[in-house]
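Each chain is listed here by its residues.
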Number of protein chains: 2
Amino acid sequence: MRKLLVELAYNGAGFHGWQFQKNACSVAQTVQDGLEAVLKSRVPVTGCSRTDAGVHANQFYFHTVTQATIPCEKLVYALNAALPDTIAAKSCREVEESFHARYSVQWKRYLYRIHNHPVKDPFAQGLCLRYPRRLDEQLLNQAAQDFVGTHDFSAFCAAGGKEMESNVRTIYSASVTRKGDQVYFAVEGNGFLYNMVRIMVGTLLEISEKTIAPDSIPEIIASLDRSRAGRTAPAQGLYLDHVEYGGELPGETEKNK
Amino acid sequence: MRKLLVELAYNGAGFHGWQFQKNACSVAQTVQDGLEAVLKSRVPVTGCSRTDAGVHANQFYFHTVTQATIPCEKLVYALNAALPDTIAAKSCREVEESFHARYSVQWKRYLYRIHNHPVKDPFAQGLCLRYPRRLDEQLLNQAAQDFVGTHDFSAFCAAGGKEMESNVRTIYSASVTRKGDQVYFAVEGNGFLYNMVRIMVGTLLEISEKTIAPDSIPEIIASLDRSRAGRTAPAQGLYLDHVEYGGELPGETEKNK
């Protein structure tokens, strides 16, 4: 038996998230169906993360176990052909039996994309949040630094998402940057609670709207109270951007050069 | 009565082109309906160009005539709200009675976008041509220079498109460039025949495939024979990119600096 780790990218606009669902089209189901067409047998697929309905992935991994002897490169090619235009298979490699697509993750980066201009971008439907009022990226970048560190992020966790033993997570970096009309929130951490990034973004938007003070993120975190944080930003702007299985922490590669 | 010139951008993936059609959804019809919602009266809309089904516009203009006194800025705002996510109203200005969105055009630029990588781009569905085999952008750029000049482009005109008196057009510039996995063909001219840009792209692709010789474009043009040119590239990669009403020819702004 071979354990394979397959890298994907997908446009989540047409899917009800990664996770298998009984009555809705999921990425996992579509990928499993595509794999079955390629391997001629039904295999399990285990994702690196859950993504909500409408959330995208610039990088996503799943592992599977198969007796098929198809070379990795050929599998990528055939899987690509079997998948819809909105899911790309990018790479595949054999991994140790002990490897797990979800539990072996060292850290992840999420990106949230905002089209920040009064006029819509007709080519970005479902791919970003439209926010017409001008955002002050320097103010928001400053505020976002307070997310960095090891905290109990219960205030940034949707109700129903507290199935874990602990809501403590470590955020390595957070930034708000602008590129023309596009504003990006990027956040790297060892794990993320349910809706955590979207609530972070909603909080930053409310800071911009002056309903939350720019320096109040530490208090909000300390309160452990979801109602103190901002709204949950819509799914369509969110991208799982990078999934790291190596031992290096974010930024270490650059530092060591 | 005021004559207004309105600037749009649109994602053509969901439309059967600009032009009004009896039994299909056109951009013109959608814009006319949006204007009616804003102005509370039905007004004519005259486009700067026809675009085929599935073709996009980074810049597109139409003119209309109305008795409404709504300020231009307000019209843009209201029209944006009345239009679907895939059509953006970008600007509006009053023009002379003699101005015509189509006949006053000095020159136009088209862009053709190719995703040139074996792995699909899941976010570019309907927005580019997927071409997995590596294109040699330098070879194609060299070949494309033979499009430049004043020629009878009958060999690059779809059958049924010869309703004009003359098929002579002037091409000011043509280029093939690469930006990572994206290859762009840009062409500027005083006018374009039916499917002309798409046949130019199809010809360049066949040059890449070695079924047309790289130096044969002058002969193909001289033949006036559509069957000598390459295939018609698909609509989804084509963008009307710039429409110029000023007196300056392409590049003159830069030259005069």
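Remember, predicted model here, so these are calculated numbers, not experimental data. Throughout, residues of each chain are indexed from 1 in the direction in which the sequence is written. Whichever chain is written first is A, and whichever ligand is written first is 1; the rest continue in order. The predicted nature of this model means local features are confined to residues of pLDDT at least 70 and side-chain atom pairs, given and counted, to a pLDDT of 80 or more, with totals for whole chains, interfaces and linings taken over all residues. Hydrogens are left out, water is left out, and the side-chain values use all remaining heavy atoms of the structure.

### Looking at the pairing of strand β5 (residues 107-115) of chain B
Residue and element names in this part refer to chain B.
Here's step 1: Of all 9 residues making up β5, 8 are buried, and the element is well covered by its neighbours.
Here's step 2: Here 6 bridges tie β5 to strand β10 (residues 238-244), and the two strands are oriented antiparallel to one another. Note on β10: the bridge partner recorded for leucine 111 is tyrosine 239. Exposed residues in this analysis have more than 50% of their type's maximum accessible area, buried residues have under 20%, and partly exposed residues fall in between, with area computed by a 1.4 Å probe over protein chains only. The secondary structure listing takes helices from DSSP runs of H or I that are at least 4 residues long and strands from runs of E that are at least 2 residues long, numbered from the N terminus. For two strands to count as paired, DSSP must find a minimum of two bridges between them.

### Observations regarding the UniProt feature "binding site: substrate" (unreviewed entry) in chain A
Residue and element names in this part refer to chain A.
Here's step 1: Under the feature "binding site: substrate" (unreviewed entry), the UniProt entry names Tyr110.
Here's step 2: Here tyrosine 110 shows up in strand β5 (residues 107-115).
Here's step 3: In this structure tyrosine 110 comes out as buried when scored by relative accessible area, which is 6%.
Here's step 4: Each polar contact in these results corresponds to two N or O atoms within 3.5 Å; when the atoms are within protein, one needs to be able to donate a hydrogen and the other to accept it, and residues that are neighboring in sequence are counted only if both atoms are side-chain atoms. Side chain to side chain, tyrosine 110 and serine 49 meet in a polar contact 3.4 Å long. UniProt positions are given in the numbering used here, feature names are shortened, and annotations may be inferred rather than shown by experiment.

### Let's talk about helix α2 (residues 72-82) of chain B
Residue and element names in this part refer to chain B.
Here's step 1: Those residues of α2 lying buried are Cys72, Leu75, Val76, Leu79 and Asn80. In a view along the axis of α2, the buried residues occupy a sector of 130°, so they form one face of it. Residues Glu73, Lys74, Tyr77 and Ala81 are exposed on α2 and point more than 90 degrees away from its buried face.
Here's step 2: Elements that come into contact with the buried residues of α2 comprise β1 (2-10), α1 (27-39), β3 (56-66) and β4 (87-95). The arc in question is traced by the directions running from the helix axis to the C-beta atoms. Whether two residues touch is decided by their heavy atoms; if any such pair falls within 4.5 Å, the residues are in contact.

### Quick look at the relation of the copies chain A and chain B
Here's step 1: Least squares is the method for superposing the copies, and the C-alpha atoms it fits come from residues with pLDDT of at least 70 in both. Taken as rigid bodies, chain A and chain B are interconverted by a rotation of 180° and an axial shift of 0.0 Å, the fit giving an RMSD of 0.0 Å. Look at the turn and shift together and you get a two-fold axis relating the two.
Here's step 2: Residue by residue, 100% of the interface of chain A is reproduced at the interface of chain B, so both copies engage with the same surface.

### Focus: the interface of chain A and chain B
Here's step 1: Taken together, the 24 residues of chain A in the interface contact 24 residues of chain B.
Here's step 2: Together chain A and chain B conceal approximately 1,800 Å² of surface at their shared face, both sides included; 61% is due to carbon and sulfur atoms.
Here's step 3: Defined here as a combined quantity, buried area equals the accessible surface (1.4 Å probe) lost by two parts on assembly, summed across both. For chain A, the biggest contributors to the area lost against chain B are Asp85(A), Lys120(A) and Phe123(A); these three give 39% of the whole.
Here's step 4: What makes a salt bridge here is a side-chain nitrogen of Lys or Arg within 4 Å of a carboxyl oxygen of Asp or Glu, nothing more. Our count for the chain A to chain B interface comes out at 2 salt bridges.
Here's step 5: Notably, a salt bridge pairs Asp85(A) with Arg130(B), separated by 3.4 Å at the nearest N-O pair.
Here's step 6: Connecting chain A to chain B are 11 residue pairs in polar contact (both at pLDDT 80 or more).
Here's step 7: Counting only elements with at least two residues in the side of chain A that touches chain B, the list comes to β1 (2-10), β3 (56-66) and β4 (87-95) of chain A.
Here's step 8: Ranked by residue count, the leading element in the side of chain A that touches chain B is β4(A), at 4 residues.
Here's step 9: Residues are grouped as follows: nonpolar covers Ala, Val, Leu, Ile, Met, Phe, Trp, Tyr, Cys and Pro; charged covers Asp, Glu, Lys and Arg; every other residue, Gly included, is treated as polar. The class makeup of the residues in the side of chain A that touches chain B is 13 nonpolar, 6 polar and 5 charged.

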